Amino acid sequence: MTDYADVSFELKPEFLKVTQYILREQAGLKSGERVLLIYDSHTPQHVIDAFLGTAAQAGAEVYALKTPMAPHPAVQPGFVWSQLVISAAEEADLIIDMAIGYAEFLVKLAKKGARIIVPGDATGAPHIEDSLIRCLMLEDPRAVRREAKAIGKIMDAGKVMRVTSAAGTDFTLNIDGLDADVGDGFMYDENGELLTSYQITPGGMPGFIVPAGSGDGVLALDGIMLYENVHHIPRDPVFFTMEKGRIREITGDRYVATRLRQWLKSLNDENAYNGPVHINLGLSRMARLTEHLEWERVRGAVVCGFGDNSILAPYYARKKMALSRSIVHWDVQMQIATIDIDGQRICEDGVVGEFV
Ligand SMILES: [Fe+2]
């Protein structure tokens with residue numbers, strides 16, 4: 001994996017600004033609320049303590065629950081959580097998720113009114129501090145939000161999305177009638193109105209939850225591929241031939257393509273081949289290709305999800321659509337992409353246009 005600049009062993013004072021920003025500005029934490037932080041042994045203790053202390057200082061009633069080590073992100077949809085975890089989560093007004101990720105019980109709790117903020121990627125890995133400081137403190141998340149909204153508006157009105165790249169991507173998706181989501185990390189609008197009770201932070205990835213059966217062409221994947229139990233960057237691009245929202249053939253980089261084919265076959269789950277089940281454009285100038293979710297925000301890169309979107313759609317899609325149900329949700333990335341929406345260029349060779 002690419003350059004981790006920093007491994008988190010000690011609390012950095014800057015991180016307290018991060019926890020303050022996430023809890024107050026992005027999750028709208030209020031005095032008197034009950035906060036539950038769910039984590040596992042991936043996450044450094046001082047990162048947990050910084051969140052807990054910041055929430056307590058805001059007047060919240062604060063608890064933390066350490067779970068047995070959570071599964072890799074790709075296999076989260078099929079994982080069954082203990083009722084003990086679910087029962088504790090049911091009592092919280094705000095859940096800080098650093099272990100769970102995609103799970104039915106969180107969808108149900110969000111529907112019932114709980115707010116869920118997901119710093120990093122809900123896997124809380126050792127470098128999370130560096131990732132969050134870079135993406136939330138070294139750039140202006142509200143500026144990222146403005147840009148994400150402007151691009152989301154064009155996506156919202158669009159009918160056809162075309163993605164191409166020098167590596168060989170040539171992919172067309174019908175987006176007529178689909179609602180775009182901006183994925184900007186903020187739960188509230190500028191007037192303090194709750195927009196969504198689920199946010200992953202850092203943000204900046206406008207795009208779509210895609211109905212099952214949509215999308216044709218070729219995806220040339222030269223960025224991170226998250227599958228099985230790994231994050232890999234292939235040495236040569238991996239090519240997916242896509243027909244009606246489904247992978248028909250995987251070729252390219254011998255190691256990754258072979259291992260991915262084997263893994264998909266081993267699942268005995270035909271829906272694991274469905275995709276893209278979401279497609280998003282990264283906007284963050286500070287995001288790097290690390291194992292944190294920031295890799296999905298790398299500016300000018302496109303991320304496609306595969307497998308399940310039945311757990312994601314309730315958070316992001318405003319309209320009913322045909323969903324894909326699978327025991328896995330895995331993701332791939334095209335670097336340096338070009339995106340056209342109804343002929344309007346959003347991003348050319350990885351350089352995002354000016355829309356604000
Ligand atoms: Fe995904």
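Every value quoted in this text rests on a predicted model; they were computed, and no experiment measured them. (Residues numbered from 1 in each chain as written. Predicted model: local features only at pLDDT ≥ 70, side-chain atom pairs only at ≥ 80, totals over all residues.)

Peer 1: An account of the overall build of the chain is requested, with residue identities and associated values reported.
Peer 2: Helices and strands together make up the secondary structure of the chain, namely eight helices and 20 strands. Taken over C-alpha atoms, the radius of gyration comes to 19 Å for the chain, in line with the 21 Å a tight globule of 356 residues would show. When the 356 residues of the chain are sorted by exposure, 51% land in the buried category. Taking the contacts inside the chain whose residues are at least 6 apart along the sequence as the reference set, 71% of them involve residues at least 24 apart. (Helix = DSSP H or I, 4+ residues; strand = E, 2+ residues; numbered from the N terminus. Rg over C-alpha atoms; globule rule 2.2 N^0.38 Å. Buried ≥ 20, exposed ≤ 12 C-beta atoms within 10 Å, placed from the backbone. Contact = placed C-beta atoms within 7 Å.)

Peer 1: Break down the nonpolar core for me, citing the residues and quoting the values.
Peer 2: By size, the foremost hydrophobic cluster in this structure holds 103 residues, and its most contacted members are Val 35, Ile 38, Ile 95, Val 302 and Ile 339. No other element matches strand S1 (residues 34-39), which puts five residues into this core. When residues are assigned to domains, this core turns out to be shared by domain 1 (13-137) and domain 2 (141-182 + 202-352), each giving three or more. With sequence-adjacent residues up to four places away left out, Val 35 is seen in contact with Leu 29, Ala 55, Ala 60, Glu 61, Val 62, Tyr 63, Ala 92, Leu 94 and Ile 96. (Core = buried A, V, L, I, M, F, W, Y, C linked by C-beta atoms within 7 Å. Domains from an automatic or database assignment.)

Peer 1: Hey, could you go over the sheet that holds strand S19 (residues 344-348) for me, with residue numbers and the actual values?
Peer 2: By definition, the strands of a sheet pair up through backbone hydrogen bonds, in either a parallel or an antiparallel sense. Strand order in the open sheet formed by eight strands is S14-S13-S10-S6-S5-S18-S19-S20, with antiparallel pairing between adjacent strands. Because the sheet does not close on itself, it has two edges, and the strands there are strand S14 (247-252) and strand S20 (351-352). Of the strands in this sheet, strand S13 (238-242) and S14 are in contact with helix H7 (residues 254-267), which crosses S14 at around 150°. (Pairing = 2+ DSSP bridges. Axes fitted to C-alpha atoms, helices over the stretch in contact; angles between N-to-C directions.)

Peer 1: Pulling in residues and values, what's your account of the sheet that holds strand S4 (residues 115-119)?
Peer 2: The strand order across the open sheet built from five strands is S2-S1-S3-S4-S8, with neighbouring strands paired in parallel fashion. At either margin of the open sheet sits one strand with a lone partner, and together these are strand S2 (61-66) and strand S8 (198-201). In this sheet, neighbouring strand axes are inclined to one another by 20° on average, regardless of whether the strands run parallel or antiparallel. For S4 and S8, the ladder comprises four bridges, and the chain directions are parallel. By the bridge assignment, Val 118 is partnered in S8 with Ile 200.

Peer 1: How would you summarise helix H5 (residues 128-137) if you had to cite specific residues and measurements?
Peer 2: Most of H5 sits inside the fold, with eight of its 10 residues counted as buried. Looking only at H5, the buried set comprises Ile 128, Glu 129, Asp 130, Ser 131, Leu 132, Arg 134, Cys 135 and Leu 136. Its buried side turned inward, H5 meets helix H1 (13-26), helix H2 (45-57), S4, helix H6 (141-157) and S8.

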